[in-house]
Amino acid sequence: MTAPSLTKSNVESAYARWAPIYDTVFTLTLRPGRVAAAQAINRLGGRVIDVGVGTGLELPMFGPQVQVTGIDLSEPMLRVAQKRVEERKLTNVEGLLVMDAMKLAFPDASFDAAVAPYVLTVVPEPERTLDEMARVVKPGGEIILVNHVGAERGPLALIEAWLGKRSEALGWRPQFPWSILGDWIARRPDIELVERRALAPLGLFTLVRLKRH
Ligand SMILES: C[S@@+](CC[C@H](N)C(=O)[O-])C[C@H]1O[C@@H](n2cnc3c(N)ncnc32)[C@H](O)[C@@H]1O
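Residues numbered from 1 in each chain as written. Predicted model: local features only at pLDDT ≥ 70, side-chain atom pairs only at ≥ 80, totals over all residues. Heavy atoms only, no water.

**Student:** What should I look at first to understand the pairing of strand β2 (residues 66-72) in this one?
**Tutor:** Residues in a regular strand project their side chains so that they alternate between the two faces of the sheet. β2 sits mainly inside the fold: 6 of its 7 residues count as buried. Examined bridge by bridge, strand β1 (residues 46-51) and β2 share 6 bridges and lie parallel to one another. Bridge pairing links I49 to T69 in β2. Across 5 bridges, β2 lies against strand β3 (residues 93-98) in parallel orientation. (Buried < 20%, exposed > 50% of the residue type's maximum accessible area, 1.4 Å probe, protein only. Helix = DSSP H or I, 4+ residues; strand = E, 2+ residues; numbered from the N terminus. Pairing = 2+ DSSP bridges.)

**Student:** Could you clarify how one ought to interpret unusual backbone geometry in this entry?
**Tutor:** Trans peptide bonds make up most of the peptide bonds, and negative phi angles are found at most residues other than glycine. Even without glycine at this site, K89 takes up a positive phi of about 50°. Positionally, K89 belongs in the loop between α4 (75-88) and β3. The phi dihedral of Y118 is positive, around 60°, even though this residue is not glycine. On the secondary structure map, Y118 appears in the loop between β4 (111-117) and α5 (126-136).

**Student:** When you look at the nonpolar core in this model, what are you seeing that I'm missing?
**Tutor:** Most often, soluble globular proteins keep nonpolar side chains buried together rather than apart. Counting residues in hydrophobic clusters, the biggest one holds 38 residues, and the most contacted among them are Y15, Y22, I41, L59, F62 and L96. Broken down by element, this core gets its largest block of residues, 5 residues, from helix α3 (residues 31-44). The contacts of Y22, once residues within four sequence positions are left out, are Y15, T27, L30, R34, T55, L57 and M77. One finds I49, L145, F176 and I180 within the second-largest nonpolar core, a separate group that totals 30 residues. (Core = buried A, V, L, I, M, F, W, Y, C linked by side-chain atoms within 4.5 Å. Contact = heavy atoms within 4.5 Å.)

**Student:** Looking at this structure, how should I read α4?
**Tutor:** One full turn of an α-helix is made of 3.6 residues, so residues set three or four places apart face in the same direction. Between its terminal C-alpha atoms α4 stretches 20 Å, which fits the 20 Å expected from 14 residues at 1.5 Å a residue. Residues of α4 that are buried: M77, L78, A81, R84 and V85. End-on, the buried residues of α4 take up no more than an arc of 110°, which puts them together on one face. Every exposed residue of α4 that faces more than 90 degrees away from the buried side is listed here: R79, K83, E86 and E87. Taken together, the buried residues of α4 touch α1 (8-18), α2 (22-26), β2 and β3. Capping the start of α4, S74 holds a side-chain oxygen 3.2 Å from the backbone nitrogen of M77, two or three residues further along. K89, located one to two residues past α4, shows a positive phi value of around 50°. (Expected span 1.5 Å × (residues − 1). Arc of directions from axis to C-beta. Polar contact = N/O pair within 3.5 Å; in protein donor to acceptor, adjacent residues only side chain to side chain.)

**Student:** Got a minute to help me understand the packing of aromatic side chains in this structure?
**Tutor:** Ring pairs (aromatic) are described by centroid distance and by the angle formed between their planes. Within this structure, the stated rule accounts for 4 aromatic pairs. Here Y22 and F26 contribute two aromatic rings whose centre-to-centre distance is 4.8 Å and whose plane-to-plane angle is 45°, an arrangement assigned as tilted. With a gap of 4 residues between them, Y22 and F26 both fall in helix α2, about one helical turn apart. Side by side, Y22 and F26 carry an identical accessibility label, which is buried. By way of ring pairs, the aromatic residues W18, Y22 and F26 are connected into one cluster. (Phe/Tyr/Trp six-rings, centres within 6.5 Å; stacked < 30°, edge-to-face > 60°.)

**Student:** Explanation requested: the site of the ligand in the structure shown.
**Tutor:** If you check the shell around the ligand, you find 19 residues, and the closest are Y22, R34, D72, D100 and A101. A distance of 2.6 Å separates an oxygen atom of the ligand from a polar atom in the side chain of D72. Separating a nitrogen atom of the ligand from a backbone N or O atom of A101 is a distance of 2.8 Å. Starting from 600 Å² of accessible surface for the ligand in isolation, the protein chains cover 98%. (Near = heavy atom within 4 Å. Areas by Shrake-Rupley, 256 points an atom, 1.4 Å probe, with all protein chains shown as cover.)

**Student:** Is there a simple way to explain the environment of F106 in this structure?
**Tutor:** Along the chain, the position of F106 falls in the loop between β3 and β4. What makes F106 buried here is its relative accessible area of 15%. Placed 26 residues apart in sequence, F106 and E132 show a C-alpha to C-alpha distance of 9.4 Å. Not counting the four nearest positions on each side in its chain, F106 is found in contact with I49, T69, I71, L97, M99, F111, R135 and V136.

And the structure:
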């Protein structure tokens, strides 16, 4: 189940527009999810791929026991991330690369974990992105996601349906039912759901931890 209106090129143009103002709008509003994702990653340590790293707001939250490679489709977003890495002297960031999350240029089992805060609602094909994250994570490793899971009914569901018609311009998909993740997990005998936790503010976002066997 994917939104045909979100393509790679409209994600690229949407994030070229977001890049100069992204940190002003999203540093605080989306902080709780980044903190939760970074805590989960810091407990694991090792080599980590940050998929859809954007402007790198989560990068300073990773401890020295984590060596991070960030990838993103949007060069303008990555330029902001690179500046942050230099200014904050984040020596545990091994690289920031322009790359498509749906076609990662890494061999199988390259990382101890993958993290993707606020990304699955944005990529054109979330299932392909999940397949790629599972492929590059070693058996025994984890995939940590933070995502808005869509309201199923009530006023929020109506607002999300209205926003859904504008996902091309926004660069994200406001409607993201749990079934996208649930069905993917059900198809993958090597993937186990280890945690699903609603986060502040107001439970709008959910932390998901998946273990790859
Ligand atoms: C909402 S931002 C999240 C950025 C960051 N993780 C954060 O917490 O602020 C989503 C990011 O996903 C990136 N993205 C969307 N589709 C992608 C794809 N197919 N491959 C790689 N990155 C993608 C966008 O360019 C954008 O930087």
